[in-house]
Amino acid sequence: MKLYCLSGHPTLPCNVLKFKSTTIMLDCGLDTTSVLNFLPLPLVHSPRLSKLPGWISKDGTINLEKKELLDLSTIDVILISNYHCMMALPYITEHTGFTGTVYATEPTLQIGRLLMEELVNFMERVPKAQSATSWKNKDTQRLLPGPLKDAVDVWTWKRCYGMQEVNSALSRVQLVGYSQKELFGAVQVSPLSSGYSLGSSNWIIQSHHEKVAYVSGSSLLTTHPQPMDQSSLKNSDVLILTGLTQMPTANPDGMLGEFCSNLAMTIRAGGNVLVPCYSSGVIYDLLECLYQFIDSANLGTTPFYFISPVANSSLEFSQIFAEWLCHNKQTKVYLPEPPFPHAELIQTNKLKHYPSIHGDFSSDFRQPCVVFTGHPSLRFGDVVHFMELWGKSGLNTIIFTEPDFSYLDALAPYQPLAMKCVYCPIDTRLNFHQVAKLLKEVQPLHVVCPEQYTQPPMTQSHRSDLMLELQPPPMPYRRCSVLNLPFRRRYERVYILPELAHSLVPTEVKPGVSIATVSAVLHSKDNKHTLQSVPKPPPVPPTKKRKRVMEEPPVAPKPLLSGAVPLEAFLATLQMHGITEVKVEETADGHILHLQAEDTLIQLEEDGTHIVCDNNEPLRTTLRDLVLRFLQKL
């Protein structure tokens, strides 16, 4: 069993598991941090950005962290754990010769579609006057300013896909429900609730005798998704762990509190609040927190705007996937009440959503206000317009809640910046303390994880609590590494056809245990093994001397012998047959009997008996028969 590691980003994983002749890709996350090397793409002409000196290209490039360690066309199945970990899917299904199946839950598919659609829309609605690729040449790259000159494998960076590729890729997805078992050859895969986001999953991959658990992007906190299924992870031979929190020292509840208080202070001072965010996920929790906070903070008249090409669909999807929500939100659906309070915010006009800043938004827009919009990188989307609009005033505040990007790098192209900046990263995924407790409960034999989890962060090298300390130590991996996973397959399940089973004659070798010999043909296909009856040999055709067709008589198999030859009883039997001069020598594997008068050796061992007797066939035959008295024929 081998694990190929194609991504260097622990929270945007892409691994390939080779298991029982099946090749399984575990997630296909897209690392978009490379966009921080580029200038923002403004929706309207920006004199400031257009006057900046040359060198920088605006070709909408995205870092696809996939190095060709193996032929991606050989992948049989792709398992998706959550909608953030499927953003590279079109690159794989449409450009590698992939012909397999993709498994995901319905919320993962639908919200993943929205995020891809939003990304494509952000890129395509800002036409680029020119495209630049020569900077990817290694000789040219060395001359670029950092960090571009130090970027690795820039020649692998891809342009963003289009909606045709998105639709084609998602047409390959087969929907699965929690604990639903899908058989793929001799391997069975099953998703479990991971508790992180709507429809997010961990996966169990197992055969009849081996079990692998894949834990990616999981949460034990009580938020809107179904709680994490921990019990099904028990008794795993190997547990592949990835997608832990990027902010192990930041408490999500504390961050929510800071978010609300900074928002309120800015609004009371007459400023505006900008929240760069994804169109699904944490925004649901932010809106729910604000719903409870608005009246107590006297923000009832403050308008909240959610601007995204998929804003309407995202808010609607969160309300209709009732069976994927936690118990408290499920019960609301049957009252009937909307499970999320943002439905009430929309009904009371406190929250308004728009596909972009154009159209109705410009006529409805009033300040001071709070705007939720993308992209969190501040490189594309409507957020670029608001950075240009509000960045010059110290009354305004930008609050970062998504942990995927360095907020200092995100702000770099907008400096000097007068608006206040608040960093409140909200990451509900497992921290190191929680994962250590989880592993103690589920007790896998072996743990495999990214190298980053086996050592403290570089900026906090003294914090041994910010790493995994396990016994035995976890097996670390890094991008482009190949691991031989540490367990051997010892058993295979073999099926026997009914007619062959009917012909068997069991022999009891000890009370309650019977054995039967079988002569059969082993037929193997798609990792399934079946014993079939041995076909009869073809009849011998007639000849001139022999007029009739003759059938070859079946060759009876030699009987198998079972049991052990007891030393004292065997010596007594030899004496009864006139063999009295026997010298016994003990060995590591049994005994050697030297029949001195007959010049013969008998080796009695646990797995066999050997008679060494030269030029005396009658004696050898006699000794063989005496040995057989103590053994059972099968």
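The structure displayed is predicted, hence computed values, not measured ones.

## So, the overall build of the chain
In terms of helices and strands, the chain carries 17 helices and 33 strands. For 634 residues, the compact-globule estimate of 2.2 N^0.38 gives 26 Å, and the chain exceeds it by more than 25% at 35 Å. For the C-alpha atoms alone, the extent of the chain along its principal axes is close to 115 × 60 × 60 Å. When burial is assessed residue by residue, the chain has 49% of its 634 residues classed as buried.

## Describing the packing of helix α6 (residues 252-268) against helix α7 (residues 282-293)
Each pair of packed helices gets described by two things: the angle between the helix axes and the distance between those axes. Following both chains from N to C, one finds α6 and α7 inclined at 60 degrees, their axes separated by 11 Å at the closest point. The orientation of α6 with respect to α7, classified from their angle, is oblique. Pair α6 / α7 crosses with right-handed handedness. From α6, Leu256, Phe259, Cys260, Ser261, Leu263 and Ala264 reach across to α7, where they touch Leu286, Cys289, Leu290 and Phe293. A class-by-class count of the residues in the contact of α6 with α7 yields nine nonpolar, one polar and no charged.

## Quick word on the UniProt feature "domain: Beta-Casp" (unreviewed entry) in the chain
With numbering matched to this structure, UniProt assigns "domain: Beta-Casp" (unreviewed entry) to residues 283-411. Annotated as residues 283-411, this span is 40% helix and 12% strand, and its ends, taken at the C-alpha atoms, are 21 Å apart.

## Some thoughts on the side chain of Thr22
In this fold, Thr22 is placed in strand β3 (residues 22-26). For Thr22, a relative accessible area of 5% puts it in the buried group. Ignoring any residue separated from it by four or fewer positions in sequence, one finds Thr22 in contact with Leu17, Asp76, Phe184, Val187 and Asn527.

## Some remarks on the pairing of strand β17 (residues 370-373)
Of the two faces of β17, both are covered, the one formed by Val370 and Phe372 as well as the one formed by Val371 and Thr373. Two strands pair when backbone bridges link them, and strand β14 (residues 273-276) and β17 are joined in this way by four bridges, in the parallel orientation. Directly across from Leu274, in β17, lies its bridge partner Val371. Taken together, the four bridges between strand β15 (residues 304-307) and β17 define a ladder with parallel strand orientation.

## Digging into helix α16 (residues 567-576)
All of the buried residues along α16 are Leu567, Phe570, Thr573 and Leu574. Along α16, the residues classed as buried sweep out an arc of 125 degrees about the axis, all on the same side. Of the exposed residues in α16, those oriented more than 90 degrees away from the buried face are Glu568, Gln575 and Met576. Where α16 is buried, its residues contact β29 (582-586), β30 (590-595), β31 (600-605) and α17 (617-628). Where α16 ends, the next residue or the one after it, Gly578, has phi of about 85 degrees, a positive value.

## Some remarks on the sheet that holds β3
Across the sheet, seven strands lie side by side as β8-β6-β5-β3-β2-β1-β22; this open sheet has mixed pairing. In this open sheet, the two edge strands, each paired with only one partner strand, are β8 (173-175) and β22 (482-484). Each neighbouring strand pair of the sheet contributes to a mean axis angle of 25 degrees, computed without reference to strand direction. When β3 meets strand β5 (residues 77-79), the two strands line up parallel, connected through three bridges. Note on β5: the bridge partner recorded for Met25 is Ile78.

What counts, and at which threshold
- Residues numbered from 1 in each chain as written.
- Predicted model: local features only at pLDDT ≥ 70, side-chain atom pairs only at ≥ 80, totals over all residues.
- Heavy atoms only, no water.
- Helix = DSSP H or I, 4+ residues; strand = E, 2+ residues; numbered from the N terminus.
- Rg over C-alpha atoms; globule rule 2.2 N^0.38 Å.
- Buried < 20%, exposed > 50% of the residue type's maximum accessible area, 1.4 Å probe, protein only.
- Axes fitted to C-alpha atoms, helices over the stretch in contact; angles between N-to-C directions.
- Parallel < 35°, antiparallel > 145°, perpendicular 65-115°, else oblique.
- Left-handed = near helix turned anticlockwise from the far one by under 90°.
- Contact = heavy atoms within 4.5 Å.
- Nonpolar A, V, L, I, M, F, W, Y, C, P; charged D, E, K, R; others polar.
- UniProt positions renumbered as here; feature names shortened; annotations may be inferred.
- Pairing = 2+ DSSP bridges.
- Arc of directions from axis to C-beta.

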